[in-house]
Amino acid sequence: MTIEAIKARRAYQRKYRKKNRERINSQRRKWQSENREKAREYNQRYWQKIAEENQNLRASFAEFGIDGTRLNELQEIVRSRKYDDLVESAALKTGKDVSEYILMSVRENMSFDRMRIKWELRDIPQIPCSRTSFYAKRRLFFHYLDEALRVLDAEREESDERREQYGPAKG
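A closer look at helix H4 (residues 68-80)
For the α-helix, the turn length of 3.6 residues means that residues three or four positions removed from each other point alike.
Stage number 1. Along its 13 residues, H4 runs 18 Å from first to last C-alpha, staying within 8% of the 18 Å computed at 1.5 Å per residue.
Stage number 2. When we look at burial in H4, the residues that qualify are Arg70, Leu71, Leu74, Gln75, Ile77 and Val78. Angularly, the buried residues of H4 cover 160° about the axis, an arc narrow enough to put them on a single face.
Stage number 3. At its buried positions, H4 is contacted by helix H5 (84-94), helix H6 (99-107) and helix H8 (131-166).
Stage number 4. Once H4 ends, the next one or two residues include Arg81, with phi positive near 60°.

Right under this line is the structure:
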């Protein structure tokens, strides 16, 4: 799904929730009272997932195996829009709520502070996380992008080896 589609869906959902808030809350309360064990299980799974995601928050580029040169290469790839599908999927994998901000930050070479100023001027919606979380998720984005590009390179090498071994495909 494209970022524009995600924004449109998010805006629709916000509007729907605002319009139907009381009905949604009463349905949620009713379901929770009827399904206490399921609600407790869902809640535990949710917080376990959050805890696992937060384990990577303090990881540095070095811990992800990305040095300064590789980071510059990855930033150029994002700015060139050469592998836009891979870039967007890595951003979405990092987190749907911050993906558009990560892409804006990298593509436009914009810091969190500059984005916060744009938010204060009402140019962009509010960033859904703290500065620390944002930069942690930005590092995680580069890790996911690096992984995806390495897989792509390995597939290309394998394809090239096959081509050398068996010759060009006959059609």
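Description of the packing of H6 against H8
Stage number 1. Where H6 contacts H8, the two axes come as close as 10 Å, and the packing angle between them is 80°. Taken together, H6 and H8 sit at an angle that is classed as roughly perpendicular. Two secondary-structure elements touch here, H6 through Tyr101, Ile102, Leu103, Ser105 and Val106 and H8 through Phe134, Lys137, Arg138, Phe141 and Phe142.
Stage number 2. Residues that form the contact of H6 with H8 fall into these classes: 7 nonpolar, 1 polar and 2 charged.

What to know about unusual backbone geometry
Most peptide bonds are trans, and most residues other than glycine sit at a negative phi.
Stage number 1. In this model, Arg81 sits at a positive phi of 60°, which is unusual for a non-glycine residue.
Stage number 2. Given a relative accessible area of 46%, Arg81 falls into the partly exposed group.
Stage number 3. You will see that Asn109, though not glycine, has its phi angle at about 50°, which is positive.
Stage number 4. Looking at where Asn109 falls in the secondary structure, it is placed in the loop between H6 and helix H7 (112-120).

Some details on the packing of H7 against H8
Stage number 1. Running from N to C, H7 and H8 cross one another at 120°; their axes reach a closest spacing of 11 Å. Relative to H8, H7 is oriented oblique. Two packed elements cross with a definite hand, and for H7 against H8 that hand is right-handed. Of the residues in H8, those touching H7 at Phe112, Asp113 and Met115 are Arg131, Phe134 and Tyr135.
Stage number 2. A class-by-class count of the residues in the contact of H7 with H8 yields 4 nonpolar, no polar and 2 charged.

What about a negative patch on the surface?
Stage number 1. Residues Asp153, Glu157, Glu161 and Glu164 make up a contiguous surface patch of negative charge.
Stage number 2. Given the relative accessible area of 37%, Asp153 is considered partly exposed.

What to know about the nonpolar core
Stage number 1. In this structure, Met115, Phe134, Phe141, Phe142 and Leu145 are the most contacted members of the largest nonpolar core, which totals 31 residues.
Stage number 2. If you list the elements that add at least two residues to this core, you get H4, H5, H6, H7 and H8.
Stage number 3. Broken down by element, the residue count for this core peaks at 7 residues, all from H8.
Stage number 4. With near-sequence residues (within four places) excluded, Phe134 lies in contact with Tyr101, Ile102, Ser105, Phe112, Met115 and Cys129.

Looking at the side chain of Gln75
Stage number 1. One can find Gln75 in helix H4.
Stage number 2. Judged by relative accessible area, which is 14%, Gln75 ranks as buried.
Stage number 3. Among residues more than four places away in sequence, those in contact with Gln75 are Val106, Arg138 and Phe142.

With respect to the pattern of salt bridges
Stage number 1. In the structure shown here, the tally under the stated rule is 12 salt bridges.
Stage number 2. A salt bridge links Glu100 to Arg10, with the nearest nitrogen and oxygen atoms 3.1 Å apart. Linking Glu100 in helix H6 with Arg10 in helix H1 (residues 3-19), this pair joins segments that are 90 residues apart in sequence.
Stage number 3. Take Glu100: its relative accessible area is 12%, and that puts it in the buried class.
Stage number 4. Judged by its relative accessible area of 22%, Arg10 is partly exposed.
Stage number 5. For Glu41, the salt bridge identified is with Arg45, shortest N-O distance 2.7 Å. Of this pair, Glu41 and Arg45 both sit in helix H3 (residues 36-55), separated by 4 residues, roughly a single helical turn.

Thresholds applied
- By convention here, each chain's residues receive numbers from 1 onward along its written sequence.
- Confidence filtering applies because this is a predicted model: local features only for residues at pLDDT of at least 70, side-chain atom pairs given and counted only at 80 or more, and all residues used for totals across whole chains, interfaces and linings.
- For the side-chain quantities, the full set of heavy atoms in the structure was used; hydrogens and water were omitted.
- Note on conventions: DSSP H or I runs of at least 4 residues are helices, E runs of at least 2 residues are strands, and numbering of each starts at the N terminus.
- What a helix should span is 1.5 Å times the count of its residues minus one.
- A simple rule labels every residue: compare its accessible area, found with a 1.4 Å probe on the protein chains alone, to the largest value its type can have, and call it buried under 20%, exposed over 50%, or partly exposed in between.
- By construction, the arc corresponds to the directions joining the helix axis to the C-beta atoms.
- We call two residues in contact whenever any of their non-hydrogen atoms come within 4.5 Å of each other.
- In this analysis an axis means a line fitted to C-alpha atoms, helices contributing only their contacting stretch, and an angle means the value between N-to-C directions, from 0 to 180 degrees.
- Roughly parallel means an angle under 35 degrees; roughly antiparallel, over 145; roughly perpendicular, 65 to 115; everything else is oblique.
- Classification convention: Asp, Glu, Lys, Arg as charged; Ala, Val, Leu, Ile, Met, Phe, Trp, Tyr, Cys, Pro as nonpolar; all other residues, Gly among them, as polar.
- By definition, any crossing whose near helix is turned counterclockwise from its far helix by less than a right angle is left-handed, and any crossing with a clockwise turn is right-handed.
- Patch definition: residues with relative accessible area over 30% and no salt bridge; like charges joined within 9 Å; nonpolar side chains (Val, Leu, Ile, Met, Phe, Trp, Tyr) joined within 5 Å.
- Using a 1.4 Å probe, accessible areas were evaluated by the Shrake-Rupley method; residue-level cover was limited to the displayed protein chains.
- A pairing counts as a salt bridge when a side-chain nitrogen of Lys or Arg comes within 4 Å of a carboxyl oxygen of Asp or Glu.
- Residues scored as charged are limited to Lys and Arg (positive) and Asp and Glu (negative), so that His and the chain ends carry no count.
- The atom standing in for a charge is NZ when the residue is Lys, CZ when it is Arg, CG when it is Asp and CD when it is Glu.
- In these notes, a set of buried Ala, Val, Leu, Ile, Met, Phe, Trp, Tyr and Cys residues joined through side-chain atoms within 4.5 Å is what counts as a nonpolar core.

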